[in-house]
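Below, each chain spelled out in residue letters.
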Amino acid sequence: MAMVGTTVFSHILPVIFGFFGILLIISGSLDEDKPKLGLGIALFIIACIFPYIVLSVLV
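Turning our eyes to something else, we now look at the overall build of the chain. In terms of regular secondary structure, the chain is built from two helices and zero strands. Relative to the globule expectation of 10 Å for 59 residues, the C-alpha radius of gyration of the chain, 13 Å, shows a markedly less compact shape. Evaluated residue by residue, the chain yields a buried proportion of 19% over its 59 residues. Taking all contacts inside the chain whose residues are at least 6 apart in sequence as the whole, residues at least 24 apart take part in 47%. With the model as given, the accessible surface of the chain reaches about 4,300 Å², and the carbon-plus-sulfur share is 80%.

To continue, consider the pattern of salt bridges. Under the defined criterion, the tally for this structure stands at one salt bridge. The salt bridge partner of Asp31 is Lys36, with a shortest N-O separation of 3.9 Å. When its relative accessible area of 27% is taken as the criterion, Lys36 is described as partly exposed.

Overall, the coordinates contain two aromatic pairs when judged by the stated rule. Between Phe19 and Phe20, the ring centres sit 5.5 Å apart and the planes meet at 70°, which makes this aromatic pair edge-to-face. Its relative accessible area of 48% is what places Phe19 among the partly exposed residues.

Here we come to helix H2 (residues 34-58). Compared with the 36 Å implied by 1.5 Å per residue over 25 residues, the 35 Å span of H2 between its first and last C-alpha is a close match. Maximum bend of H2: about 40°, positioned at Ile49, with proline Pro51 one to four residues after it. For H2, the full list of buried residues reads Gly40, Leu43, Ala47, Phe50, Pro51 and Val54.

For Glu32, which is not glycine, the phi dihedral falls at a positive 55°. Mapped onto the secondary structure, Glu32 falls in the loop between helix H1 (2-31) and H2.

Among the secondary structure elements, Thr7 is positioned in helix H1. What makes Thr7 partly exposed here is its relative accessible area of 37%. For Thr7 and Gly21, which are 14 residues apart along the polypeptide, the C-alpha to C-alpha distance reads 20 Å.

Rules behind the numbers
Residues numbered from 1 in each chain as written. Predicted model: local features only at pLDDT ≥ 70, side-chain atom pairs only at ≥ 80, totals over all residues. Heavy atoms only, no water. Helix = DSSP H or I, 4+ residues; strand = E, 2+ residues; numbered from the N terminus. Rg over C-alpha atoms; globule rule 2.2 N^0.38 Å. Buried < 20%, exposed > 50% of the residue type's maximum accessible area, 1.4 Å probe, protein only. Contact = heavy atoms within 4.5 Å. Areas by Shrake-Rupley, 256 points an atom, 1.4 Å probe, with all protein chains shown as cover. Salt bridge = Lys/Arg side-chain N within 4 Å of Asp/Glu carboxyl O. Phe/Tyr/Trp six-rings, centres within 6.5 Å; stacked < 30°, edge-to-face > 60°. Expected span 1.5 Å × (residues − 1). Bend = angle between axes of the 7 residues up to and from the residue.

So, in structure tokens, the structure goes:
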């Protein structure tokens, strides 16, 4: 069961967060919408750091 949890946190969720982060970055920069751009940057950074934080706690 631990393998399923680590796969979700290391392969699935970061890809989803990164994808939506890039979409928000592109949309925020084209519309010149600062909150959307900031949310996209924050979401992309979370996607990059998320596996290291969660997997260090799980494993």
